[in-house]
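Geometric and topological summary
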Amino acid sequence: MKILVLNGPNLNLLGTREPEIYGTETLTDIEAQMKTIFPEVEIEFRQSNSEADLITWIGETRGKFDGIVINPAALTHTSLGLCDALKAVADVVPAVEVHLSNTHTREAIRHKSLTAPACIGQIMGFQGFGYTLALRALVQKLSA
Ligand code: DQA
């Protein structure tokens, strides 16, 4: 099973970025945790600050990946393009959306996700561990 893990803008700064909200784990820590807990899954981990990169990468998943775990970061609340990209491959590459923070406890603008309707589910509020939970859910779905 091959899973693409995508990370949006500013997630490269995890570890030092608002640790009271996002925790102290870096993206490298999160990647290592996922790979340790799921050694049987082939995980490709990417981050970009560019919406275009993320849209392109999603569009290339058909036939190459079995599923996507995505934290679109701020693009969650703004990007119809990202939603459309996820919908374009959803018939064969299901996605799970993950957020480190519980966005519903934060500013109103973060309460709405434009990307969640294109995903099979969403996990939020568990900081870095949420990625492993998202992968667990995706593996379960793909194995069913
Ligand atoms: C985030 C939540 C977003 O609102 C924010 O813009 C982020 C991170 C999270 O993981 O909690 O960059 O996606």
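Below or above, wherever it landed, is the structure these notes cover. Keep in mind that what you see is a predicted model, and the values were worked out from it rather than measured.

The relative placement of two packed helices comes down to the angle between their axes together with the axis-to-axis distance. One way to put it is that helix H3 (residues 51-59) packs onto helix H4 (residues 80-89) with a least axis distance of 9 Å and a crossing angle of 5°. The orientation of H3 relative to H4 falls into the category roughly parallel. Between H3, through Leu54, Ile55, Ile58 and Gly59, and H4, the contact on the second element is made entirely by Gly81, Leu82, Ala85, Leu86 and Val89. Of the residues in the contact of H3 with H4, the class split is 7 nonpolar, 2 polar and no charged.

Pairing is parallel across the open sheet formed by 5 strands, whose spatial order is E2-E1-E3-E4-E5. Among the strands making up the open sheet, the edge pair consists of strand E2 (42-47) and strand E5 (121-124). Strand-to-strand twist in this sheet, taken as the mean axis angle between neighbours without regard to direction, amounts to 20°. Along the sheet, helix H5 (residues 129-143) makes contact with strand E1 (2-7), E2, strand E3 (67-71), strand E4 (95-99) and E5, crossing E3 at roughly 155°.

So, about the environment of Trp57. By the element assignment, Trp57 lies in helix H3. Separated by 41 residues in the primary sequence, Trp57 and Thr16 place their C-alpha atoms 27 Å from one another. Not counting residues up to four positions away in its chain, the partners in contact with Trp57 are Leu4, Leu6, Arg46, Gln47 and Ser48.

What follows covers helix H2 (residues 27-37). Of the positions making up H2, those classed as buried are Leu27, Ile30 and Met34. Projection of H2 onto a plane perpendicular to its axis shows the buried side chains occupying an angular sector of 60°, all on one side. Residues of H2 that are exposed and point over 90 degrees away from its buried face: Thr28 and Thr36. Its buried side turned inward, H2 meets E1, E2 and H5.

Rules and cut-offs
Residues numbered from 1 in each chain as written. Predicted model: local features only at pLDDT ≥ 70, side-chain atom pairs only at ≥ 80, totals over all residues. Heavy atoms only, no water. Axes fitted to C-alpha atoms, helices over the stretch in contact; angles between N-to-C directions. Helix = DSSP H or I, 4+ residues; strand = E, 2+ residues; numbered from the N terminus. Parallel < 35°, antiparallel > 145°, perpendicular 65-115°, else oblique. Contact = heavy atoms within 4.5 Å. Nonpolar A, V, L, I, M, F, W, Y, C, P; charged D, E, K, R; others polar. Pairing = 2+ DSSP bridges. Buried < 20%, exposed > 50% of the residue type's maximum accessible area, 1.4 Å probe, protein only. Arc of directions from axis to C-beta.

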